[in-house]
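Structure at a glance
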Amino acid sequence: MGYDPCRVFRKLARNNRLANLRLHSACLQLSQAEFVAPRSGFFPTIRATLNHIYTVDLFYLDAVKGGTLGYAAFAVEKPFADMPALQQAQAKLDEALIEFVDGVQPENLSATVKVHRDGRIQQDRCDDILSHLFQHQTHHRGQVHAMLSGSSVKPPQLDEFIVGDDAGVRKVELDALGWSERDLMFPKDKSHD
């Protein structure tokens, strides 16, 4: 079997789903007061930061799928008032991202994506938009992680979802999603079935 340039995006989409599951499980332990409490970060609360991750995911996922939603994704600054509603919506979006990258073929990675911005249309390669999206998610999850340090909830480990050596410490999340190690290590690869 040769090199599959799509595999990294499939793994990163799964990493995103697993990291969000673990982070959201921690955030679900917060009281509503702690969820909205002012904190140090790019956004002033855990609620605002997690809502930002959601809206940016929505914005870019729509664009890579050929949509024209654009800045309408940001029409409501904080679309989710509480963590349970946000967790459910983000999980659906994470699954939609997995579905998208699972359908990407190598030739699609260099396709031009039109990102509808205020008064202009940004044009970039699909692989660059996906890379940017995954970087954005990681960046802001890290900020929520830091914010949790000042709360009653211990920040969870968020980087155990890519390499095989971490299999023993991600079983809870894999079980919660009904995934196996094979699903994570060989996404969409039928040769390992």
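Residues numbered from 1 in each chain as written. Predicted model: local features only at pLDDT ≥ 70, side-chain atom pairs only at ≥ 80, totals over all residues. Heavy atoms only, no water.

Further remarks concern the pairing of strand β2 (residues 120-125). Two faces, one strand: in a regular strand the side chains alternate between the faces of the sheet. The sheet contact formed by strand β1 (residues 112-117) and β2 spans six bridges and is antiparallel. For Val113, the partnering residue across the bridge sits in β2 and is Asp124. The loop that links β1 with its antiparallel partner β2 comprises two residues; one of these, Gly119, has a positive phi angle of about 80°. (Pairing = 2+ DSSP bridges. Helix = DSSP H or I, 4+ residues; strand = E, 2+ residues; numbered from the N terminus.)

A separate point is helix α1 (residues 7-27). Between the first and last C-alpha of α1 there are 30 Å, a value that for 21 residues agrees with the 30 Å anticipated at 1.5 Å per step. Counting buried residues in α1 gives 17 out of 21 residues, a clear majority hidden from the surface. (Expected span 1.5 Å × (residues − 1). Buried < 20%, exposed > 50% of the residue type's maximum accessible area, 1.4 Å probe, protein only.)

Bringing the packing of helix α3 (residues 46-64) against helix α5 (residues 126-148) into the picture now. Put simply, α3 and α5 touch, their axes get as near as 10 Å, and they point 170° apart. By the angle between their axes, α3 is roughly antiparallel relative to α5. Across from Ile46, Thr49, Leu50, His52, Ile53, Val56, Asp57, Tyr60 and Val64 in α3, the residues of α5 making contact are Ile129, Leu130, His132, Leu133, His136, Gln137, His140, Arg141, Gln143, Val144, Met147 and Leu148. When the residues that make up the contact of α3 with α5 are grouped by side-chain class, the tally is twelve nonpolar, seven polar and two charged. (Axes fitted to C-alpha atoms, helices over the stretch in contact; angles between N-to-C directions. Parallel < 35°, antiparallel > 145°, perpendicular 65-115°, else oblique. Contact = heavy atoms within 4.5 Å. Nonpolar A, V, L, I, M, F, W, Y, C, P; charged D, E, K, R; others polar.)

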